[in-house]
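# Coordinates in review
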Amino acid sequence: MTAAGDGPWLDDAAGRLIRPYTVSNGRTRPSTALDLLSQVMATGTTPLGALGPEHAEALGRCAVPVSVAEVAAHLKLPAVVTKVLLADLVDCGALTTKPPAFHHNPTDRSLLEAVLDGLRRQL
């Protein structure tokens, strides 16, 4: 039995009927470097060739800038599979990417020392 809006790929009792690696044709490495926080957005270019239903759904989710993690959550797919799908769409020009913007230096020495001090106080 299929839940409303899930299409033929999900079953209420059994879960996903298609294995994630099948969705990505067995590929586990995206051709484009994508972080979970990377922003992806549709370019408006129609992809050439036939893409799977997951590609179409991913592209539909990218009408506005959205993170890779959000797309994976909406598709109910592992992040690595979602990265492969999104990289396919980037390769054909249907998506553009933007690396995550960090407003601070995550390796700032004073920040790391403060974290270390806090951890020592907890022990």
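Residues numbered from 1 in each chain as written. Predicted model: local features only at pLDDT ≥ 70, side-chain atom pairs only at ≥ 80, totals over all residues. Heavy atoms only, no water.

### Here we look at the nonpolar core
V40, C62, V71, L86, L89 and L95 are the most contacted members of the largest nonpolar core, which totals 17 residues. Mapped by element, the contributors of at least two residues to this core are helix 2 (53-61), helix 3 (68-75) and helix 4 (79-91). The dominant element in this core, judged by the number of residues it contributes, is helix 4, at five residues. Setting aside residues up to four positions removed in sequence, V40 forms contacts with L34, C62, V64, P65, V66, V68, V71, L86, L95, T96 and T97. (Core = buried A, V, L, I, M, F, W, Y, C linked by side-chain atoms within 4.5 Å. Buried < 20%, exposed > 50% of the residue type's maximum accessible area, 1.4 Å probe, protein only. Helix = DSSP H or I, 4+ residues; strand = E, 2+ residues; numbered from the N terminus. Contact = heavy atoms within 4.5 Å.)

### Brief notes about the sheet that holds strand 5 (residues 95-98)
Strand order in the open sheet formed by three strands is 4-3-5, and the pairing between neighbours is antiparallel. Since the sheet does not close on itself, it has two edges, and those belong to strand 4 (66-67) and strand 5, each with one partner. Note that strand 3 (residues 39-42) and strand 4 share two bridges and pair antiparallel. Bridge assignment links Q39 to a residue of strand 4, and that residue is S67. (Pairing = 2+ DSSP bridges.)

### As for the side chain of H55
Within the secondary structure layout, H55 lies in helix 2. H55 sits in the buried class, given a relative accessible area of 8%. With sequence-adjacent residues up to four places away left out, H55 is seen in contact with L85, D88 and L89.

### Remarks on the packing of helix 2 against helix 3
Contact pair helix 2 / helix 3: the axes reach a minimum separation of 10 Å and the direction vectors enclose 130°. As the angle between them shows, helix 2 and helix 3 are arranged oblique. Between helix 2 and helix 3 lies a crossing whose hand is right-handed. Residues E54, E57, A58 and R61 of helix 2 touch helix 3, and the partners they reach there are V71, H74 and L75. The residue inventory of the contact of helix 2 with helix 3, partitioned by class, reads three nonpolar, one polar and three charged. (Axes fitted to C-alpha atoms, helices over the stretch in contact; angles between N-to-C directions. Parallel < 35°, antiparallel > 145°, perpendicular 65-115°, else oblique. Left-handed = near helix turned anticlockwise from the far one by under 90°. Nonpolar A, V, L, I, M, F, W, Y, C, P; charged D, E, K, R; others polar.)

### Points about a nonpolar patch on the surface
A cluster of nonpolar side chains, L111, V115 and L119, forms an exposed patch at the surface whose accessible area comes to about 250 Å². Within the fold, L119 resides in helix 5 (residues 109-122). (Patch = residues over 30% accessible without salt bridge, like charges linked within 9 Å, V, L, I, M, F, W, Y side chains within 5 Å. Areas by Shrake-Rupley, 256 points an atom, 1.4 Å probe, with all protein chains shown as cover. Salt bridge = Lys/Arg side-chain N within 4 Å of Asp/Glu carboxyl O.)

### A few points about the environment of V64
Along the chain, V64 falls in the loop between helix 2 and strand 4. A relative accessible area of 53% places V64 in the exposed class. In this structure the C-alpha to C-alpha distance between V64 and V40, which are 24 residues apart in sequence, comes to 8.1 Å. Setting aside residues no more than four positions away along its own chain, V64 makes contact with V40 and M41.

### Observations concerning the environment of V66
Turning to its location among the elements, V66 is positioned in strand 4. Given a relative accessible area of 7%, V66 falls into the buried group. As a C-alpha pair, V66 and A42 span 24 residues in sequence and 9.8 Å in three-dimensional space. Not counting chain neighbours up to four residues away, the residues in contact with V66 comprise S38, Q39, V40, R61 and V71.

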